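Working through the structure, step by step
Each chain, written out:
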Amino acid sequence: MTNLIHPVLLCGGSGTRLWPLSRKSYPKQFVKLTGEESLYQASAQRLSGPGFSAPTIVTAADFRFIVIEQLAALEIAPADILIEPSAKNTAAAICAAAMALEARAPGALMLVAPSDHVIPDDARFREAVQAAAPAASAGQLVTFGIRPDRPETGYGWLELSTPTPDFGPVPQPLRSFVEKPDLAKAEALLAGGMHLWNAGIFLFSTTAILKAFATLAPEVLAASRAAVDAAEKDLGFTRLAPSPWSELPDISIDYAVMERAPNLTVVPYAGAWSDLGDWQAVWREAESDTTGTVMAGPATALDCQDTLLQATSEVQQLVGIGLKDIIAVAMPDAVLVAHKDRAQEVKQAVAALKAKAAPQAETLPRDYRPWGWYESLVVGPRFQVKRIVVHPGAALSLQSHHHRAEHWIVVEGTAKVTVDSEVKLIAENQSVFIPLGAVHRMENPGKVLLTLIEVQTGSYLGEDDIIRYEDVYARGQGARG
């Protein structure tokens, strides 16, 4: 590439349309939906290597340790991780990232991409980015458009100014944006050959995009600048200041800037692409059998057609009989069954569950923490049994509880346990009792995963019954911190 590209990965979304696999506590970008890597990891890999700088990540506080852990597994070190105090859509995220990048690399080219897209051909996508770089260096705001293969009503569309029979990655002026169309209009756009899907992927210089914000969305620029200027460093993260951030409008980059900017360029991309925006998209991208049936996990299909059966638990079998055009996703705590044509309505189901105060609406059975994860195995009125897994070298906070006692049984690895003034090692098949009110901590001093079973007993077993005294992850008080 002629210019070093600075990737900016946006990964603060909640992904509710892929419920129950994707939930607010662990959204789809961090899930292994299409292979051995999460969508976020695949995105980071795609935007790394020669010609690319270390990525900037924009995410929420609850995901800050997940983004670090998943990048570390790829041996990718981020240039910066910006923590949004609250979700404010893409305009604020991109503006803040542009200012942070401008401070360390004035005039740099920034490639903004969602972290939950599927683009199988990394090399072909990099070629499109390379083709766009000269226009971006010249001050253009470049957007990438996907060659359409169906009359999709779930995306916005981009109108080309010049016919491109092969949809090669040749930059050209963007004529217009088209809002999500109805089916008849989408069919006309597809047949006309002059429109692309709007992928929400952009390339521009920090100079050009900040100038655009100053002209077209000065209120976004001012509040973002105040949030960046008053940001605080925290364990390698950059926490944007909450007070000015709260003043930002909830608006997309398209509405704030792109649809009104005079210096727009579009680069077509003819390779495979999906935003995995719903379960029908997952079915479409997956490898199916001769009947069009996709099975993932412990699933069995009998006389099914054009159906997705996805099971996630090894102790649970999902069986479909005589199904056609059905989505069935089974998790230990929630099951989704829907017609493929109504996959977009899953978001409404999540809203209905939230209205019923069902924890399954937003929370997975497995809760990921910076030190590892835990899951509840059995819950009773005055007891709870958990499986806890701690990464090598990781440690839980030094803490106590007002309402519960705990009994830890190590089943794999070795635990270093602190109970008040006593510190000792607990090996496999050994246990330790934590009395109510005792100040305690668990650490994994070994080189393998530490797995233990925790039995809690008490009058209240909520995760917010934690008083932290010390924490290497600086989470403060509260259930998640």
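Conventions adopted
Residues numbered from 1 in each chain as written. Predicted model: local features only at pLDDT ≥ 70, side-chain atom pairs only at ≥ 80, totals over all residues. Heavy atoms only, no water. UniProt positions renumbered as here; feature names shortened; annotations may be inferred. Axes fitted to C-alpha atoms, helices over the stretch in contact; angles between N-to-C directions. Helix = DSSP H or I, 4+ residues; strand = E, 2+ residues; numbered from the N terminus. Parallel < 35°, antiparallel > 145°, perpendicular 65-115°, else oblique. Left-handed = near helix turned anticlockwise from the far one by under 90°. Contact = heavy atoms within 4.5 Å. Nonpolar A, V, L, I, M, F, W, Y, C, P; charged D, E, K, R; others polar. Buried < 20%, exposed > 50% of the residue type's maximum accessible area, 1.4 Å probe, protein only. Pairing = 2+ DSSP bridges. Right-handed = clockwise from strand over helix to strand, strands pointing away. Polar contact = N/O pair within 3.5 Å; in protein donor to acceptor, adjacent residues only side chain to side chain. Domains from an automatic or database assignment. Salt bridge = Lys/Arg side-chain N within 4 Å of Asp/Glu carboxyl O.

Under an unreviewed UniProt entry, the name given to the protein is mannose-1-phosphate guanylyltransferase, and the source organism is Celeribacter marinus. Of the comments in the UniProt record for the protein, the one headed Catalytic activity (unreviewed entry) reads "alpha-D-mannose 1-phosphate + GTP + H(+) = GDP-alpha-D-mannose + diphosphate". The protein has a UniProt comment under Sequence similarities (unreviewed entry) that states "Belongs to the mannose-6-phosphate isomerase type 2 family."

Interhelical geometry of helix α3 (residues 89–104) versus helix α6 (residues 206–216) gives an angle of 130° and a closest axis separation of 10 Å. Compared by their axis directions, α3 and α6 come out oblique. Of the two possible hands of crossing, α3 and α6 adopt the one that is left-handed. From α3, Ala91, Cys95, Ala98, Met99, Leu101 and Glu102 reach across to α6, where they touch Thr206, Thr207, Ile209, Leu210 and Phe213. When its residues are assigned to classes, the contact of α3 with α6 shows eight nonpolar, two polar and one charged.

Okay, the pairing of strand β3 (residues 80–84) next. Here β3 lies mainly inside the structure; five of its five residues are buried. Going residue by residue along β3, you find Asp80, Leu82 and Glu84 tucked away on one face and Ile81 and Ile83 tucked away on the opposite face as well. Across five bridges, strand β2 (residues 56–60) lies against β3 in parallel orientation. Residue pairing in the sheet places Thr59 in a bridge with Ile83 of β3. Chirality of the crossover, the property in question, places the unit of β2, helix α2 (residues 64–73) and β3 among those that are right-handed.

Below, the discussion takes up the environment of Arg23. As for its placement among the helices and strands, Arg23 is situated in the loop between β1 (5–10) and α1 (39–46). Residue Arg23 is classed as buried on the basis of its relative accessible area, which comes to 1%. C-alpha separation for the pair Arg23 and Val350, spaced 327 residues apart in sequence, amounts to 9.1 Å. Not counting residues up to four positions away in its chain, the partners in contact with Arg23 are Ser14, Met331, Asp333, Ala334, Gln360, Ala361, Glu362, Thr363, Leu364 and Pro365. Separated by 3.2 Å, the side chain of Arg23 and the backbone oxygen of Gln360 make a polar contact.

Moving on: the domain arrangement of the protein. If you check the domain split of the protein, you get domain 1 (5–269), domain 2 (279–356) and domain 3 (366–470). The gap between the C-alpha centroids of domain 1 and domain 3 is 39 Å.

Turning next to the UniProt feature "domain: Nucleotidyl transferase" (unreviewed entry) in the protein. With numbering matched to this structure, UniProt assigns "domain: Nucleotidyl transferase" (unreviewed entry) to residues 7–290. Helix makes up 35% of residues 7–290 and strand 21%, with an end-to-end C-alpha separation of 39 Å.

Attention shifts here to the sheet that holds strand β19 (residues 372–379). Backbone-to-backbone hydrogen bonds pair the strands of a sheet. The strands run either parallel or antiparallel. An order of β18-β19-β20-β27-β22-β25 is seen for the six strands of this open sheet, with the pairing classed as antiparallel. Across the chains shown, the open sheet's two edge strands, defined by having one partner strand only, are β18 (366–369) and β25 (431–434). The sheet shows a mean angle of 20° between the axes of neighbouring strands, taken without regard to direction. Relative to β19, β18 runs antiparallel, the two sharing four bridges. Paired with Arg369 across the strands is Gly372, a residue of β19.

Tallied over the full model, the rule gives 19 salt bridges. Residues joined in a network through salt bridges with shared partners are Asp367, Arg369, Lys386 and Glu463.

This part covers unusual backbone geometry. For the peptide bond that leads from Trp19 to Pro20, omega is 10°, which places it in the cis range. Along the chain, the position of Pro20 falls in the loop between β1 and α1. Even without a glycine there, the phi angle at Phe167 is positive, about 50°. Relative to the assigned elements, Phe167 resides in the loop between β6 (157–160) and β7 (172–178).

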